[in-house]
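The primary structure of each chain is shown beneath.
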Amino acid sequence: MTAATDVEPDTGRHQSARPVLVLAALAIVYVVWGSTYLGIRIMVEDIPPMIAAGARFACAAVILALILMARGGFARLALSRAELLSCALIGLLLPVLGQGLVTIAESGGAPSGLVALLIAAVPLWVLLYRVLAGERPKKATVAGVLMGFAGLAALLIANGVGGDFPFWTIALVMLSTASWAFGSWLQPRLKMPKDAFVAAVYEMAIAGVVLLAVGLASGERFELAVYSARSWAAWAYLVVFGSVVAFSAYVWLLQAANISLVATYAYVNPLVAVFLGWLVLSEAVTVPIIAGGAVVIAAVVIVVSTERPQRKAAAVKEPDHG
């Protein structure tokens, strides 16, 4: 769930990274993040969605914090009050609304592949926020955005009302996508910790606490012995690989590779998700899904390729999604 936008021109310092390491990190982001949608779908077969997502982010925050402290001591996690408030806001927009609503939607029956295709539109939403803020993108970029939203409309019409799953689940995914994109657009405009890993720790920790509190308040309960080994395995996979390994690879790529190359994950992840959903869960891959999804992904390719790569801004984060 991320997109690269608003970043400064890449410099030659990226050339020092070994190509094999860049390829390995890209492979992790491509495959692992693409597989998180399937992981969520399996996890919520038994585990209540908000408790599952909350525990996932809380545990991932603890693991990442321990790794950072082992390398730099407790002082590495220090941050100012303004930075903490910024992390709290981004934590609400990204992991809580962005990932939490996706988890609820998949718990309600939304197919993981279709969810991934809808989320692929994050770069389009980010660009929309930029336009509303007064920016004037290239004509080709605007054309890509319009094409992308047309593809989204086709997906919603073909798979929404009268589909095999409640329409409210798709509405939640759309809301989560808009929230994730807004948080991604807003983040570079806030006072954030300089260390992206430190920011991730606090964002995931705050999200974990909020999701657990909301889940328990809404009636969800921990019933550890009831959950199947399959759901536990999916939860553990999301904690370790989705929220720690893949995110770390992504942060490293932002420093080691050209941002236009990193951004390609935005249109590779959905393909991985659709394939895995079909392979593992026998999710239907219909002609409308293929057609609408192809339009959305093509639009993202146009937007990413026509936007001038810049360096410091907001490459949309994702965590986690996964």
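Residues numbered from 1 in each chain as written. Predicted model: local features only at pLDDT ≥ 70, side-chain atom pairs only at ≥ 80, totals over all residues. Heavy atoms only, no water.

**Points about a nonpolar patch on the surface**
1) Next: Together, F275, W278, L279, V280, V285 and I290 make up an exposed nonpolar region whose accessible area comes to about 570 Å².
2) Next: Looking at which element gives the most residues to the nonpolar patch, the answer is helix 11 (residues 265-281), with 4 residues.
3) Next: Inspection of the secondary structure puts W278 in helix 11. (Patch = residues over 30% accessible without salt bridge, like charges linked within 9 Å, V, L, I, M, F, W, Y side chains within 5 Å. Areas by Shrake-Rupley, 256 points an atom, 1.4 Å probe, with all protein chains shown as cover. Salt bridge = Lys/Arg side-chain N within 4 Å of Asp/Glu carboxyl O. Helix = DSSP H or I, 4+ residues; strand = E, 2+ residues; numbered from the N terminus.)

**Concerning the side chain of S35**
1) Next: Among the structural elements, S35 can be located in helix 1 (residues 19-43).
2) Next: Under the relative-accessibility criterion, S35 is labelled buried at 8%.
3) Next: At 2.7 Å, the side chain of S35 and the backbone oxygen of V32 are in polar contact.
4) Next: S35 has contacts with Y237, V272 and L276, leaving out every residue within four places of it along the chain. (Buried < 20%, exposed > 50% of the residue type's maximum accessible area, 1.4 Å probe, protein only. Polar contact = N/O pair within 3.5 Å; in protein donor to acceptor, adjacent residues only side chain to side chain. Contact = heavy atoms within 4.5 Å.)

**A few points about the confidence of the model for the protein**
1) Next: Chain-level statistics for the protein give a pLDDT mean of 85 and a share of 87% at 70 or above.
2) Next: The lowest-confidence element of the protein is helix 10 (residues 259-262), averaging 69 in pLDDT; the highest-confidence one is helix 2 (residues 49-72), averaging 96.
3) Next: Here residues 2-15 is a poorly scored stretch, pLDDT under 50, and it has 63 contacts once near neighbours within four places are set aside; other chains count.
4) Next: Note on residues 309-321: pLDDT is under 50 here. Beyond four places in sequence and across chains, it has 87 contacts. (pLDDT = per-residue confidence, 0-100.)

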